[in-house]
Amino acid sequence: MAQAGNSELVDLFEQFFRNYYDNEIKQLAQRYPNEQRSLHVDWQDLYTFDHNLADDFLNKPEQLQQYAEEALRLYDLPIDVSLGQAHVRIRNLPETESPEIREIRAPDMNSLVQVHGIVRKATDVRPKIEEAAFECQLCGTLTRVPQSSGDFQEPHECQGCERQGPFRVNFDQSEFVDSQKLRIQESPEGLRGGETPQSLDVHVEDDITGEVTPGDHVSATGVLRLEQQGDNQDKSPVFDFYMEGMSVDIDEEQFEDMDITGEDKEEIVRLSSSEDIYDKMIASIAPSIYGYNQEKLAMILQLFSGVTKQLPDGSRIRGDLHMLLIGDPGTGKSQMLGYIQNIAPRSVYTSGKGSSSAGLTAAAVRDDFGDGQQWTLEAGALVLADQGIAAVDELDKMRSEDRSAMHEALEQQKISVSKAGINATLKSRCSLLGAANPKYGRFDQYEPIGEQIDLEPALISRFDLIFTVTDQPDEEKDRNLAEHIITTNYAGELTTQREEMSSLDVSDAEIDEMTEQVDPEIDAELLRKYIAYAKQNCHPRMTDEAQATIRDFYVDLRSRGTDEDAAVPVTARKLEALVRLAEASARVRLSDTVEQRDAERSVEIVRSCLQDIGVDPETGEFDADIVEAGTSKSQRDRIKNLKGLISDIEEEYDDGAPVDIVLERAEEVGMDHSKAEHEIDKLKQKGEVYEPSTDTLRTT
Ligand code: ADP
Ligand code: MG
């Protein structure tokens, strides 16, 4: 019951409801209680109705919510239904009450705020007891004990016989409510320069549980509360914030924090029509890294990405490009990956090992985020990067749990988790930019790539582009690289000196000239906006000429494999990669059509990648099997031959084929010593030959 004086507030809410929410309340009454139990109120409506009332709601949310719910119970309804337990849930607070999670401070306690972020973790939905009915085992009287958060409270004595039990909880007579805990983390796009995202836990109850999944971008409105750190034995004087959630809404907007002003737009359109836009773009990616123009161009295309296609039959073809850099250590891979964060509108940078228990994909875990018993679903990097780019360094070090989930994540762009009663599908519509080292640390140019990287062939084949980066001495290149790195460092030294020292023997003009050389062509902030703008506004389609260019290239490549003995050169997966790259290339120009030049650009990149990796190192021919199956054709032949050779020799010797004889004969048929040893090791690993005694071999 509202107290005197407060009944005015209840009246005020009633009036507000009559003016603004009459239809909604009637609808609620019809659906109550099974289909709907809440009236969602837009704070802006309340503000329009009465500024003071709306402001009061922000400062004293708990009381005001009670008045509002009281007004709802008293509301005059045409049908005979009581809205006894219906909630009033407020949403859409003003900007001023919408702090960044990292900005929440002590004075915010107990006030109503709204935060934006991405759901990182969510527990199972579980019933929580609100009021427990204890039945006395001696006299049968029920004693009701309300349960606030914290420990489970038992009665001191029975309300009937006044003895101390024993008691039994009567579930039918107790009151339960569904409850769930969510962890909301700052959105990747809100973070600049690799800040660590902060998070806030949100407790939700009743009808708003189970409505969001990890990876969803949400706005959560609720009251900030405090929870003491430490456990019962060891309480800390420091508290943590959590939010008692009133409403949690999914944000559909793609790039929340991106304000593209009219001026920005003019600048973007002007840039897009410049002759050398592609060169400008290349010069804007990791300018401190020398060379890698193909790789940088591919990264640009990846940022713009192809068009996601919805097919008439309801299926979908991804537009996102996945790209992998494999290479020798110290070749700038990590640097380039790290730079992506500066220019991608939404990105997540992580290492293959992953920084959380969810790793790269997702995990169902039982940890103290719940109460230790409850299962929690946690989103990993590829889910957090949904609709953006996931830059994953040291991809070859990824955890085995992730390996199996990666195939689905990369091709279907979703991740299914089915464990311990949790069945969920998380979205991971992102592009993966991975970096990896070869298996033995450095590249061996004479071995196929599939063998040198610790990723299984099925996964490798998901990548649209694979670049290999080798670090071999080359005098001219080394000189240029040295020049570039020294200039970059010198420019950095000058900038530091200008900031730190009062007198300097170099003029500002000279410093500017030096730094000019290592500045990005297009400023990172503008480039971010450019990419976001293009992705939102530009959905190109192929011209006939572009289609023909790609088709011809593909058919030509395939035809090299028609020779009976030749390996199949390229598979249809490459065709989709070609289309995506060409679309991305059109987007860079903000063009709605994919021109022939775009298709040619795409062909050039794919050709150079294929040359890097798809070429059979022994025959010089393209061999898609290297990429897609992990062994080249000549290699398969060689293994077959070697096994045949061993079995021939085996017949001549009673105790099995001596290894030195095998190596000798192998050399006679043109396979060098080390290669043959390598192949023998592989046959042994596969269990196709074994060693009955030292230095002899037998086939199985
Ligand atoms: P990786 O991840 O490939 O092992 P890093 O990105 O950590 O290598 O690079 C090692 C260092 O070498 C970095 O400081 C980087 O700036 C420098 N470096 C390597 N290659 C280049 C290059 N092509 N241009 C400029 N700097 C380079
Ligand atoms: Mg590295």
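This write-up is about the structure you can find in this document. (Residues numbered from 1 in each chain as written. Chains lettered and ligands numbered in written order. Predicted model: local features only at pLDDT ≥ 70, side-chain atom pairs only at ≥ 80, totals over all residues. Heavy atoms only, no water.)

Our next topic: the overall build of the protein chain. Secondary structure summary: the protein chain contains 23 helices and 26 strands in total. Here the protein chain holds 700 residues, and 49% of them are scored as buried. Taking as baseline every contact in the protein chain between residues at least 6 positions apart, the subset at least 24 positions apart corresponds to 70%. As displayed, the protein chain has an accessible area near 34400 Å², and 43% of this comes from carbon and sulfur atoms. (Helix = DSSP H or I, 4+ residues; strand = E, 2+ residues; numbered from the N terminus. Buried < 20%, exposed > 50% of the residue type's maximum accessible area, 1.4 Å probe, protein only. Contact = heavy atoms within 4.5 Å. Areas by Shrake-Rupley, 256 points an atom, 1.4 Å probe, with all protein chains shown as cover.)

If you trace the 3 strands from one edge of the open sheet to the other, you get S24-S26-S25, paired in antiparallel fashion. Only two strands of the sheet have a single partner each, and these edge strands are strand S24 (657-658) and strand S25 (689-690). With 2 bridges joining them, S24 and strand S26 (residues 696-699) adopt antiparallel strand pairing. Of the residues in S26, the one forming a bridge with proline 658 is threonine 696. (Pairing = 2+ DSSP bridges.)

Turning next to the environment of glycine 306. Mapping glycine 306 onto the fold places it in the loop between helix H8 (293-304) and strand S11 (309-310). Judged by relative accessible area, glycine 306 falls into the buried class, the value being 2%. Once the C-alpha coordinates of glycine 306 and alanine 586 are considered, the two residues, 280 residues apart in sequence, prove to be 9.0 Å apart. The contact partners of glycine 306, leaving out residues within four places of it in the chain, are Gly319, Arg580, Glu583, Ala584 and Arg587.

Moving on, we get to the site of ligand 1. Lining the immediate environment of ligand 1, one finds 14 residues, of which Tyr290, Gly330, Lys333, Ser334 and Gln335 sit closest. Tyrosine 290 places a main-chain nitrogen or oxygen 2.7 Å from a nitrogen atom of ligand 1. When ligand 1 is considered free in solution it has 560 Å² of accessible area, and contact with the protein chains removes 71% of it. Mapped by element, the contributors of at least two residues to the shell around ligand 1 are helix H9 (333-343) and helix H14 (475-500). In terms of residue count, H9 provides more of the shell around ligand 1 than any other element does, 3 residues in total. For the shell around ligand 1, the per-class residue count stands at 6 nonpolar, 6 polar and 2 charged. (Near = heavy atom within 4 Å. Polar contact = N/O pair within 3.5 Å; in protein donor to acceptor, adjacent residues only side chain to side chain. Nonpolar A, V, L, I, M, F, W, Y, C, P; charged D, E, K, R; others polar.)

Let us look at helix H16 (residues 524-537). Helix length check: H16, at 14 residues, gives a terminal C-alpha distance of 20 Å against a target of 20 Å (1.5 Å per residue), a fit within 8%. Among the 14 residues of H16, 11 are classified as buried, and the element is accordingly described as predominantly covered. Within the sequence span of H16, burial applies to Ala524, Leu526, Leu527, Arg528, Lys529, Tyr530, Ile531, Ala532, Tyr533, Ala534 and Lys535. (Expected span 1.5 Å × (residues − 1).)

Quick look at the nonpolar core now. In terms of nonpolar packing, the biggest core is built from 57 residues, with Met281, Leu303, Phe304 and Leu465 touching the most fellow members. Split by domain, this core shows at least three residues from each of two domains, domain 3 (317-470) and domain 4 (538-628). When neighbours within four sequence positions are excluded, phenylalanine 304 is seen to be in contact with Met281, Tyr530, Ile531, Ala534, Lys535, Ala584, Arg587 and Val588. In terms of nonpolar packing, the next biggest core, distinct from the first, is built from 37 residues, Ala362, Ala364, Leu382 and Ile460 among them. (Core = buried A, V, L, I, M, F, W, Y, C linked by side-chain atoms within 4.5 Å. Domains from an automatic or database assignment.)

On to unusual backbone geometry, then. For the bond running from tyrosine 32 to proline 33, omega is 0°, close enough to zero to count as cis. Looking at the secondary structure, you find proline 33 in the loop between helix H2 (22-31) and strand S1 (38-42). Positive phi values are uncommon outside glycine, yet aspartate 206 reaches one of about 60°. Note on placement: aspartate 206 falls in the loop between strand S8 (199-205) and strand S9 (217-230). Classification of aspartate 206 as buried rests on a relative accessible area of 14%. Even without being glycine, alanine 286 reaches a positive phi, approximately 40°. Locating alanine 286 in the fold gives a position in the loop between helix H7 (277-282) and H8.

Turning our eyes to something else, we now look at the packing of aromatic side chains. In total, this model carries 12 aromatic pairs according to the counting rule given. Seen from their ring centres, phenylalanine 13 and phenylalanine 17 are 6.3 Å apart, and the 40° between their planes marks the pair as tilted. A residue pair is termed a helical-turn pair when its members lie 3 or 4 positions apart in one helix, as phenylalanine 13 and phenylalanine 17 do in helix H1 (residues 6-20) at 4 residues. Their ring planes at 50° and their centres at 5.8 Å tell us that phenylalanine 134 and phenylalanine 152 sit as a pair that is tilted. Here phenylalanine 134 is found in strand S4 (residues 126-136), whereas its partner phenylalanine 152 is found in the loop between strand S5 (142-146) and strand S6 (167-169), with 18 residues between them in sequence. By relative accessible area, which is 3% here, phenylalanine 134 ends up buried. Put simply, the rings of Phe13, Phe16, Phe17, Tyr20, Tyr21, Phe49 and Phe57 pair up and form one aromatic cluster. One Lys or Arg, arginine 601, reaches over the ring of tyrosine 278 and ends 3.4 Å from the middle of that ring. (Phe/Tyr/Trp six-rings, centres within 6.5 Å; stacked < 30°, edge-to-face > 60°. Lys NZ or Arg CZ within 6 Å of the ring centre and 35° of its normal.)

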